[in-house]
Amino acid sequence: MSLAMKYLRRVCLCTRREYFRHRTPIVVFLFLYFLFHTRTRTHAPIRVRRACVPRLSSIRLHTPSSSFPFPSMPAAAVSPLEQRLAQLAKRFDVIESGLKHLHQQLQNTSLGGAAAGAASPDVSPSGTSSAAKAATDLPALQPNSKDPLEVAKLRRHCLESGLHSAEFLWVPSNYYQENLQWRRDALHAPSIRHLCKTILMENTHCTNNDCADRSNSRYYLVVYQYVDRFNSDMVGRAIQELNPGMGKKKFNFRLADPAEAEKLTGVRSGAVAPFGTVIPIPVILSVGVTQLVPPIFYVGGGHVDCKCRLDTEEFMRVSNAILAPISVPLTEEELEQIAD
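Bear in mind that the values here come from a model prediction, so they are computed numbers and not experimental data. (Residues numbered from 1 in each chain as written. Predicted model: local features only at pLDDT ≥ 70, side-chain atom pairs only at ≥ 80, totals over all residues. Heavy atoms only, no water.)

Enquirer: Would you take a moment to explain the nonpolar core for this structure?
Expert: Within soluble globular proteins, side chains that are nonpolar generally end up buried alongside one another. Residues Phe-168, Leu-200, Phe-275, Phe-297, Leu-310 and Phe-315 are the most contacted members of the largest nonpolar core, which totals 33 residues. For this core, the elements supplying multiple residues, two or more each, are helix H5 (149–161), strand E2 (196–203), strand E3 (219–225), helix H8 (258–265), strand E6 (283–286), strand E7 (296–300) and strand E8 (306–311). (Core = buried A, V, L, I, M, F, W, Y, C linked by side-chain atoms within 4.5 Å. Buried < 20%, exposed > 50% of the residue type's maximum accessible area, 1.4 Å probe, protein only. Helix = DSSP H or I, 4+ residues; strand = E, 2+ residues; numbered from the N terminus.)

Enquirer: So what exactly am I meant to see when it comes to the packing of aromatic side chains here?
Expert: The description of two aromatic rings rests on the distance between their centres and on the angle between their planes. If you walk through the whole model with that rule in mind, you get five aromatic pairs. Centre to centre, the rings of Tyr-175 and Tyr-176 are 5.2 Å apart; their planes meet at 90°, and the pair counts as edge-to-face. A relative accessible area of 18% places Tyr-176 in the buried class. Consider the rings of Tyr-175 and Trp-182, whose centres lie 6.4 Å apart with planes at 65°: the pair is edge-to-face. Looking at Tyr-175, the relative accessible area reads 4%, which means it is buried. Clustering of aromatic rings is evident, with ring pairs tying together Tyr-175, Tyr-176 and Trp-182. Stacked on the ring of Tyr-175, the Lys or Arg Arg-183 has its end atom at 5.4 Å from the ring centre. The ring of Tyr-226 has Arg-183 sitting right over it, with the charged end atom 5.4 Å from the ring centre. (Phe/Tyr/Trp six-rings, centres within 6.5 Å; stacked < 30°, edge-to-face > 60°. Lys NZ or Arg CZ within 6 Å of the ring centre and 35° of its normal.)

Enquirer: Which parts of the structure should I look at to understand the pairing of E6?
Expert: The side chains of a regular strand alternate, first on one face of the sheet and then on the other. A two-sided burial pattern is seen for E6, the buried positions comprising Val-283 and Leu-285 on one face and Ile-284 and Ser-286 on the other. As defined by bridge partners, E6 adjoins strand E9 (residues 322–324) across three bridges and the pair is classed as parallel. Its bridge partner lying in E9, Leu-285 is registered against Leu-323. (Pairing = 2+ DSSP bridges.)

Enquirer: Is there a simple way to explain the environment of Ala-261 in this structure?
Expert: The topology assignment puts Ala-261 in helix H8. On the accessibility criterion, Ala-261 (16% relative accessible area) is buried. Between the C-alpha atoms of Ala-261 and Tyr-219, which are 42 residues apart in sequence, the distance is 9.4 Å. Excluding its chain neighbours within four sequence positions, the residues that come into contact with Ala-261 are Leu-200, Ala-256, Gly-266 and Val-267. (Contact = heavy atoms within 4.5 Å.)

Enquirer: Can you help me understand the pattern of salt bridges in this one?
Expert: Between side chains of opposite charge, a pair can form as their charged atoms come close. Here the structure, examined in full by the defined rule, presents six salt bridges. A salt bridge links Glu-202 to Arg-254; its shortest N-O distance comes to 3.4 Å. Pair noted here: Glu-202 is in strand E2 and Arg-254 is in strand E5 (residues 253–255), with a separation of 52 residues, a long-range link. Taken together, the shared-partner salt bridges connect Glu-202, Arg-218 and Arg-254 into one network. (Salt bridge = Lys/Arg side-chain N within 4 Å of Asp/Glu carboxyl O.)

Enquirer: Even after reading the chapter, I still don't get the sheet that holds E8, so can you show me in this structure?
Expert: Backbone-to-backbone hydrogen bonds join strands into a sheet, with any given pair of strands oriented parallel or antiparallel. With antiparallel pairing, the three strands of this open sheet are ordered in space as E1-E8-E7. In this open sheet, the two edge strands, each paired with only one partner strand, are strand E1 (167–170) and E7. Recorded for the sheet is a direction-independent mean angle of 30° between the axes of neighbouring strands. Direction of pairing for E1 relative to E8: antiparallel, over a ladder of four bridges. Within the sheet, the bridge partner assigned to Glu-167 lies in E8 and is Arg-309. Running over the sheet, H5 touches E1 and E8 and is turned about 160° from E1. (Axes fitted to C-alpha atoms, helices over the stretch in contact; angles between N-to-C directions.)

Enquirer: Help me understand the sheet that holds E5, please; the structure alone is not making it clear to me.
Expert: The sheet built from five strands is open, its strands ordered E5-E2-E3-E6-E9 with mixed pairing. Each having just a single partner strand, E5 and E9 make up the two edges of the open sheet. Pairwise comparison of adjacent strand axes, ignoring direction, gives a mean angle of 35° for this sheet.

Enquirer: Any chance you could explain the side chain of Glu-202 here in plain terms?
Expert: Judged by relative accessible area, which is 8%, Glu-202 ranks as buried. A polar contact of 3.3 Å, which involves the side chain of Glu-202, links it to the side chain of Arg-218. Those residues in contact with Glu-202 that lie beyond four places of it in its chain are Arg-218, Tyr-219, Asn-252, Phe-253, Arg-254 and Ala-256. (Polar contact = N/O pair within 3.5 Å; in protein donor to acceptor, adjacent residues only side chain to side chain.)

Enquirer: I'm lost on helix H6 (residues 180–187) in this one. Help?
Expert: Spacing of three or four residues puts side chains on the same side of an α-helix, whose turn is 3.6 residues. If you check which residues of H6 are buried, you get Leu-180, Arg-183, Arg-184 and Leu-187. In a view along the axis of H6, the buried residues occupy a sector of 105°, so they form one face of it. Two to three positions downstream of the cap, the backbone nitrogen of Gln-181 sits 3.4 Å from a side-chain oxygen, assigning the N-cap of H6 to Asn-179. A positive phi of about 55° marks His-188, the residue just after H6. (Arc of directions from axis to C-beta.)

Enquirer: How should unusual backbone geometry be read in this particular structure?
Expert: Residues other than glycine predominantly adopt negative phi, and peptide bonds predominantly adopt the trans conformation. Look at the link from Val-293 to Pro-294: it is a cis peptide, with omega at -5°. Its identity is not glycine, yet His-188 carries a phi of approximately 55°, on the positive side. Looking at the element boundaries, His-188 is found in the loop between H6 and E2.

Keep in mind these values describe shape, not function.
Here it is, written out as structure tokens:
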């Protein structure tokens, strides 16, 4: 470049005579200079393009023995399906075990009835009756040293009253913070429709002040499903039908005062059972509970972390419950929002 600048300076500053004297080397230089730059500008991009072309040896070809290069399905897409199938299989196992349990109970009942007809009703030499001996054969209802006082009383009540199919189940302390599906799995229940709630209702316009009259009691234990919405007006109509001639104004049902409810039932809210209360209280059972398959349902067990599974037919026979339509089904949106 220094040589080119030198000749260019001479071309620009030289006189006419000097130019003609040195024109030959200047022309030759300029010709060679432009020829060199033309080759450089023409071939440089070619060299760059060739450098960008990969070698054939670097290309990996799939042989027929190799798997077709489709992306594999992620495990997360299959996992929910497998989990759902596992849950369904688990629920079917629970239903099957419940049916076997009921079948065994029916066989025991038939055998027990035949034995009772042939055996003598006298008391045995040890001083205990045959019914008491049968009660001792129920390990699920035997006293447990870990039970709180309220649960122990309910176990004893089941033995004495004939609720021999009752089974007390303990659940985690966060039970009421979870949805119905979680509670169903915690109890190994057949479905969320088997989960029921027991509340104490008071007829504030009742002509009686006690619970001696089953058809016109001041207080009632009401059992209904969590998947239904309770309707106090339907309770009033059901009790009014048991009292022909009494006006509608005599029936006004509302939730009992919490302090009064704890005094009458012996347990706090969330642990109320439809049996074993401090005083005998009539029971109103929702018709939907009697339509469950298998015929069992779950209620409170005397403690907020304890639940009780009951056989529907046995409970109706022992408690002499009043069957009535007292609730309406919840919508799907309402079911998803249930937390308590």
